[in-house]
Amino acid sequence: MSPADSTEDRTLVASAQNGDMEAFELLVRAHADAVYAHGLRFFGDREAAQDVVQEVFLKLYRSLTSYDGSAAFSTWLFRVTRNVCLDMFRQGRRRPVPIDPVDIAVGASPGVTPDHANTVVDGIVLEQAIRALQPEDREALNAVTLFGMSYAEAAVTLDVPLGTVKSRVFRARRTLVAAMGMQGGDVQ
Amino acid sequence: MNPECLEAQQIVSETYDGEHVDPAAIQRARQHCTECPECSVFVSRLAAIRKTPAPSAPPRVIQNAIETIRTEVVAQAALAEEAAAATARAASAAKEDASVAPRPIPPAQQPSPRRLTQATWFAWGGWATAAAVALVLVGVLAVRGISYIAGPQEKAASDTAMITQNDSSAAPLSAAPESADDAAEASRSSASARFITVGGFVYAYTGPGARLPSNATTIGVTVSALDTGSAPQQYSVSSAGGDNFVVVTETGLYGFELVARTLRGQSYGLQSRALSGFGQWPSLPEGYAEPASDDGSPSFSRATSDDSGVAIFTPNGSDPSGGFAIAPGTSSSDPAGGNPNWTWWAPLP
């Protein structure tokens, strides 16, 4: 996430804190994809991911007053998203759909062009490979790639040393690259 | 793997993430990757992975999230407005009916300043309002006294004919026959959330009421969609004194009971932001920020535990007698069981 995005987020949060519902809606629209993707990668289930989106933004709205801007909005958002997923799991409200790393299926959607099909297949394979990552590696990767956090921000949020974040992200990437290679060569 | 390859790949990975890497190191890695077949493949695959879009939220999901928040905003505003109106009506009635003397509230039982800021029900000052507040409290207390959930043990010991959530005679709102699908639906957490708020306190649905007793009196209003799935509406809430339920009229009769728990012999009622319909779980009242972590921070600190081992949280770890918070994840037998949100419990007079 760029500094400009971060500044815009802070402006929107400030407006939302003053009761501007439209500003909060803009925040929802801007960040729903990251929350949804994190939920989907955590649970492997679209319905659960939808619940995550709903619950995360409701919690954010209810705790707007507690946000003091000391951390980037994306950092706050990631923390809430992570907690919501963990809470849903701990409380037994949602269970991650099991995935077998060996069974990363490939299947193109019917009726699409070859190029589009390739893109769809790549996306499916990649998401299944991400789901098959070690949870701590996946979490670090999501923090950095979905929520745009720096390694330092991720280290603080995940409460691990900076070097651990570096290792986890790199390990995740190497695993994904290897998984994509197993699917028949380069992803293109 | 060759340490040089490992270092080069790590530098490429960090550079992709916008991390600061020494330019000379980047140059070395770039040079290595052009010469090393394995690292060249790594870079090309990594580039392909980066180009593959992450899952995006369907527009319907985003819209649903926004609608949920809008509903909460509207419901809160409507509840505040209607509660204020009801208070004014009660004040007016108190003036006109000299036979209905408001029961004085001992100072120790008056709402705390914190509750004054949360519950617009109590938000007005002045003698007339004090009388109105007393009337409302008398009504609520009359209901509470006969129907609050004091905990599993006390509930079991009760010999009153309370309508409870476990009462088999309390048919579900949708009188569909039991089936596997019903069971699956029942297991969905939001389906079991059937609550309304009255005066900031939370009441749990206990079942349909057969009829409104002739001695029932209106004690307040609630704004809720109940189970209708339509927009929240205002319904009057009545108490029949000796009967064990609060009734919401006009769309049928719905029985409710106050959600409460005990701590050190004192009863505490569950408070929440306005609930705009069934399917919503009670949450922290206005003025309490949702904790960011399981330990309650930054809003709360763990103060103690109750007899069941449920952790009690308070602002700054203060004495829980003024009210306390409970983290989500309590057992199903707990009054907060199943609720995914933090909850706030205020002392009952």
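All figures in this text were calculated on a predicted structure; none of them were measured in a lab. (Residues numbered from 1 in each chain as written. Chains lettered and ligands numbered in written order. Predicted model: local features only at pLDDT ≥ 70, side-chain atom pairs only at ≥ 80, totals over all residues.)

Looking only at helices and strands, one finds eight helices and 12 strands in chain B. Per-residue burial over chain B gives 41% buried out of 349 residues. Excluding contacts between residues fewer than 6 apart, the proportion of contacts in chain B whose partners are at least 24 apart in sequence is 62%. (Helix = DSSP H or I, 4+ residues; strand = E, 2+ residues; numbered from the N terminus. Buried ≥ 20, exposed ≤ 12 C-beta atoms within 10 Å, placed from the backbone. Contact = placed C-beta atoms within 7 Å.)

Secondary structure summary: chain A contains eight helices and zero strands in total. Helices and strands appear in chain A in the N-to-C order α-α-α-α-α-α-α-α. Relative to its 188 residues, chain A shows a buried fraction of 45%. For chain A, the share of sequence-separated contacts (at least 6 apart) that also reach a separation of at least 24 residues comes to 62%.

To continue, consider the nonpolar core. A32, Y36, V53 and L176 of chain A are the most contacted members of the largest nonpolar core, which has 66 residues in total. Discounting residues that sit within four places of it in the chain, L176 of chain A has contacts with L126, A129 and I130 of chain A together with I49 of chain B. Counting 43 residues, the second largest nonpolar core, distinct from the first, contains A193, A274, I326 and L348 of chain B. (Core = buried A, V, L, I, M, F, W, Y, C linked by C-beta atoms within 7 Å.)

Let us now look at the packing of helix 2 (residues 21–43) of chain A against helix 4 (residues 73–90) of chain A. Residues and elements named next belong to chain A. Between helix 2 and helix 4, the shortest axis-to-axis distance is 10 Å and the interhelical angle comes to 30°. The angle between helix 2 and helix 4 falls in the class roughly parallel. Judged by the twist between their axes, the crossing of helix 2 over helix 4 is right-handed. Every residue of helix 4 that contacts helix 2 at H31, V35, H38, G39 and F42 is listed here: L77, T81 and C85. Looking at side-chain class alone, the contact of helix 2 with helix 4 contains four nonpolar, four polar and no charged residues. (Axes fitted to C-alpha atoms, helices over the stretch in contact; angles between N-to-C directions. Parallel < 35°, antiparallel > 145°, perpendicular 65-115°, else oblique. Left-handed = near helix turned anticlockwise from the far one by under 90°. Nonpolar A, V, L, I, M, F, W, Y, C, P; charged D, E, K, R; others polar.)

What follows deals with the pairing of strand 1 (residues 195–198) of chain B. Residue and element names in this part refer to chain B. Both faces of strand 1 are covered, namely the face carrying F195 and T197 and the face carrying I196 and V198. Relative to strand 2 (residues 201–208), strand 1 is paired through four bridges, and the arrangement is antiparallel. Considered in strand 2, the bridge of F195 is made with A204. What sits between strand 1 and strand 2 in their antiparallel hairpin is a turn of two residues, with G199 showing a positive phi close to 60°. (Pairing = 2+ DSSP bridges.)

What follows is about the interface of chain B and chain A. Counting residues at the interface gives 38 residues for chain B and 48 residues for chain A. Mapped onto the side of chain B that touches chain A, the elements with two or more residues apiece are helix 1 (3–16), helix 3 (37–51) and helix 4 (59–96) of chain B.

Attention now moves to helix 3 of chain B. Taking 1.5 Å as the rise per residue, helix 3 of chain B with 15 residues should run 21 Å; its terminal C-alpha atoms sit 21 Å apart, in good agreement. Along helix 3 of chain B, the residues that are buried comprise C39, F42, V43, R45, L46 and I49 of chain B. (Expected span 1.5 Å × (residues − 1).)

Take the confidence of the model for chain A next. Residues and elements named next belong to chain A. On average, residues of chain A score 84 in pLDDT, and 82% of them reach the 70 mark or higher. Of all helices and strands in chain A, the one with the weakest mean pLDDT is helix 5 (residues 114–131) (75), whereas helix 6 (residues 135–145) scores best (96). Below pLDDT 50 for its whole length, residues 184–188 participates in 10 contacts with residues either more than four positions away or in separate chains. (pLDDT = per-residue confidence, 0-100.)

Right, let's talk about helix 3 (residues 46–62) of chain A for a bit. Helix length check: helix 3 of chain A, at 17 residues, gives a terminal C-alpha distance of 24 Å against a target of 24 Å (1.5 Å per residue), a fit within 8%. With 13 of 17 residues buried, helix 3 of chain A lies mostly within the body of the structure.

Residue and element names in this part refer to chain B. Confidence along chain B averages 70 in pLDDT terms, with 63% of residues attaining 70 or more. For chain B, the element scoring lowest by mean pLDDT is helix 5 (residues 113–118), at 29; strand 11 (residues 324–326) scores highest, at 94. With pLDDT under 50 throughout, residues 98–188 is counted as low confidence; its partners more than four residues away or in other chains account for 124 contacts. This complex was scored by the predictor with a pTM of 0.54 and an ipTM of 0.84.

On to the pairing of strand 9 (residues 301–305) of chain B. Here strand 9 of chain B pairs with strand 10 (residues 311–314) of chain B via four bridges, running antiparallel. Along strand 10 of chain B, the bridge assignment pairs R302 of chain B with F313 of chain B.

Bringing the packing of helix 1 of chain B against helix 2 (residues 23–35) of chain B into the picture now. All names here are of chain B. Two numbers describe how helix 1 lies on helix 2: the axes approach to 9 Å, and their chain directions differ by 115°. The interaxial crossing formed by helix 1 with helix 2 has left-handed handedness. Counting all contacts with helix 1, which are made through E4, A8, I11, V12 and T15, the residues of helix 2 involved are A25, I26, A29, H32 and C33. For the contact of helix 1 with helix 2, the class distribution of residues is seven nonpolar, two polar and one charged.

Residues and elements named next belong to chain B. Topologically, Q76 is positioned in helix 4. A C-alpha to C-alpha distance of 8.5 Å links Q76 and V223, two positions 147 residues apart in sequence. The contact partners of Q76, leaving out residues within four places of it in the chain, are R273 and A274.

The next point concerns the environment of A75 of chain B. Residues and elements named next belong to chain B. Along the polypeptide, A75 turns up in helix 4. Judged by the 23 C-beta atoms lying within 10 Å of it, A75 is buried. Linking A75 and V223, residues 148 residues apart in sequence, is a C-alpha distance of 6.5 Å.

Moving on to unusual backbone geometry. Residue and element names in this part refer to chain B. Across the junction of S297 and P298, the peptide omega takes the value 0°, indicating a cis bond. With respect to the helices and strands, P298 occurs in the loop between strand 8 (266–271) and strand 9. For L226, which is not glycine, the phi dihedral falls at a positive 50°. When you line up the elements, L226 lands in the loop between strand 3 (217–224) and strand 4 (233–239). Phi angles above zero are rare outside glycine, and N316 is one such case at about 60°. Mapped onto the elements of the fold, N316 is located in the loop between strand 10 and strand 11.

With that out of the way, let us pick up the environment of P340 of chain B. Examined against the element boundaries, P340 of chain B turns out to sit in the loop between strand 11 and strand 12 (343–347). Spatially, the C-alpha atom of P340 of chain B lies 8.6 Å from that of S283 of chain B, the residues being 57 residues apart in sequence.

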